[in-house]
Amino acid sequence: MTGVETWLDKKRSNPGRLAVPEPSSVIQLPWKAEVAWVASTCVMEGEDVAEAPRNVLRRLIEEAAGEGLHVKTGVEAEFFLLTPEGDQISDPFDTSEKPCYDQQAVMRRYDVVREVCDYMLDLGWGPYQNDHEDANGQFEMNWDFDDALRTADKHSFFKFMVKSVAEKHGFRATFMPKPVEGLTGNGCHAHISVWDAPGSEAKTNVFAGEGDGQTGEVGLSERGKHFLGGIMKHASALAAITNPTVNSYKRINAPRTISGATWAPNTVTWTGNNRTHMVRVPGPGRFELRLADGAANPYLLQAVIIAAGLSGIRSKADPGKRHDIDMYAEGHKVRGAPQLPLNMLDALRAYDKDKELKAAMGEEFSSAFLNLKMQEWNSYVSHFTQWEKDNTLDI
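Residue positions are given per chain, counted from 1 along the sequence in the order it is written. Where totals are concerned, whole chains, interfaces and linings use all residues; where local detail is concerned, this predicted model gives features only for residues with pLDDT of at least 70, and gives and counts side-chain atom pairs only at 80 or more. Hydrogens and waters are ignored; side-chain quantities use all the structure's heavy atoms.

(A) Representation of the sheet that holds strand E4 (residues 40-44) within the structure. At least two DSSP bridges between two strands are required for those strands to pair. Segments assigned H or I by DSSP are reported as helices when at least four residues long, segments assigned E as strands when at least two residues long, and all are numbered from the N terminus. Spatially, the three strands line up as an open sheet ordered E1-E4-E5, and their pairing is antiparallel. Where the open sheet ends on each side, the last strands, each with one partner, are strand E1 (17-21) and strand E5 (47-48). Summarising the sheet, E4 and E5 pair through two bridges and their orientation is antiparallel. When the sheet's bridge partners are listed, Met44 is paired in E5 with Glu47. The contact criterion used is simple: two residues touch if any of their non-hydrogen atoms lie within 4.5 Å. An axis is simply a line fitted to the C-alpha atoms; with a helix, the fit covers only the stretch in contact. Between two such axes, the angle follows the N-to-C directions and lies from 0 to 180 degrees. Where helix H1 (residues 53-65) meets the sheet, its contacts fall on E4 and E5, and the angle it forms with E4 comes to roughly 105°.

(B) Representation of the environment of Trp31 in the model. Position of Trp31 among the secondary structure elements: in the loop between strand E2 (27-28) and strand E3 (36-37). Each residue touching Trp31, except ones within four places of it in the same chain, is listed here: Tyr119, Phe157, Phe160, Met161 and Ser164.

(C) Representation of the sheet that holds strand E7 (residues 79-82) in the model. Strand order in the open sheet formed by four strands is E8-E9-E7-E11, and the pairing between neighbours is antiparallel. Since the sheet does not close on itself, it has two edges, and those belong to strand E8 (127-132) and strand E11 (172-174), each with one partner. Direction aside, neighbouring strands of the sheet carry axes that sit 25° apart on average. Relative to strand E9 (residues 138-143), helix H3 (residues 110-123) is tilted by about 15°, and along the sheet it contacts E7, E8 and E9.

(D) Structural view of the side chain of Arg290. Among the secondary structure elements, Arg290 is positioned in the loop between strand E15 (286-289) and helix H9 (298-315). Three labels apply to residues, based on accessible area from a 1.4 Å probe with only protein chains included: buried if under 20% of the type maximum, exposed if over 50%, partly exposed otherwise in between. Among the residues examined, Arg290 registers a relative accessible area of 3% and is labelled buried. Not counting the four nearest positions on each side in its chain, Arg290 is found in contact with His189, Arg251, Trp263, Pro265, Arg275, His277, Met278 and Arg280.

(E) View of the pairing of E9. Among the six residues that make up E9, six are buried, leaving the element largely enclosed by the rest of the structure. Neither face of E9 is exposed, since Gln138, Glu140 and Asn142 on one face and Phe139, Met141 and Trp143 on the opposite face are all buried. Here E8 folds back onto E9 in antiparallel fashion, the turn holding five residues, of which Gly137 has a positive phi close to 80°.

(F) Focus on the packing of aromatic side chains. Think of it this way: a Phe, Tyr or Trp ring, Trp meaning its six-membered ring, pairs with another when their centres are within 6.5 Å, and the plane angle makes it stacked under 30 degrees, edge-to-face over 60, tilted otherwise. Following the criterion strictly, the structure yields 19 aromatic pairs and no others. Consider the rings of Trp263 and Tyr328, whose centres lie 5.9 Å apart with planes at 75°: the pair is edge-to-face. Of this pair, Trp263 sits in the loop between helix H8 (249-252) and strand E13 (270-271) while Tyr328 sits in helix H10 (residues 327-330), and the two are 65 residues apart along the sequence. Given a relative accessible area of 32%, Trp263 falls into the partly exposed group.

(G) Region of interest: the pairing of E15. Pairing of strand E12 (residues 188-195) with E15, which is carried by three bridges, proceeds in the antiparallel orientation. The residue bridging His191 from the neighbouring strand is Glu288, located in E15. As judged from the three bridges shared by strand E14 (residues 279-283) and E15, these two strands associate in the antiparallel manner. Bridging across to E15, Arg280 finds its partner in Glu288. In this structure, the hairpin formed by E14 and E15 is closed by a connection of two residues, where Gly285 is found at a positive phi of approximately 85°.

Put into structure tokens, the structure is as follows:
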């Protein structure tokens, strides 16, 4: 196939691209046993396509492994169940002001949740939690953490599976960052730890330990501290990857929602077990990056985490002061913490200025990504909206 048909920054005159299946990634569809899903390595003329997201991640995993670091992650991929037209939530009775963990709302969509969870059990993913989330019509389903590439493959398949099962039941599942105005958006929080070996060979959590200072107090080793420092150092640029759409910035810069909180950050801060910051350290040996949203590419999300973390370890980056306040109520008291980008253009500009992160992600990938995303931004700003008529017609 040609790369241009899959949103790679290629021309129709370029040689054909080949997707080489990776046998270890094969998943037989639990709901259609004669069909299999398989992740592939994109190649062109015998060489890996540098801008293909899965290739970017594979390269960074190899780079980290060369330094004895094996990243394991888990993701919380939130989603909404909407009507087939996508214009409203699917459950007209899901109207509670604070619907999080609402048992009645869960049971009204139990058939969808149960089917997806049963499939994850069949696949051996180790699902351990399903719940109604903070917004009306919103759900979250969690499974065991794994090596970064395996998590990315599962994340990619999970989105496909949830959409397929929802369609079967007459609904439309969306991972759009902010699909309903006034409601909490879809996050994709990533839980991150680093180990001494991949897979079942892992014995030692490299992040666990009592390092110096405030990170040591919450159970992070010195390398854990510096990995976190890399995330903080590159946060504004990293947002271009973790929050890659125009709509993404309606989530991280949203006003207070109906439930009372957005559960999304807008400032580059970290904390202990406190969900109002960009990074939370819930316990020893790991941390949660709460920045990413449902639009994040599963492979690029993992890749940029590794790229920023390796940068932090190599430069011995300091994550800065730990803030233990409620950022939603007292965020104005924090001095000197950078604000996250206000929109996609700001994020793309921050990424373009971050030479170190661009190089880590790959110059060819970064150039292609910026080119395609600037086309998307230009398309958005050239779109004529009803807001313009409402606010300018009688000027």
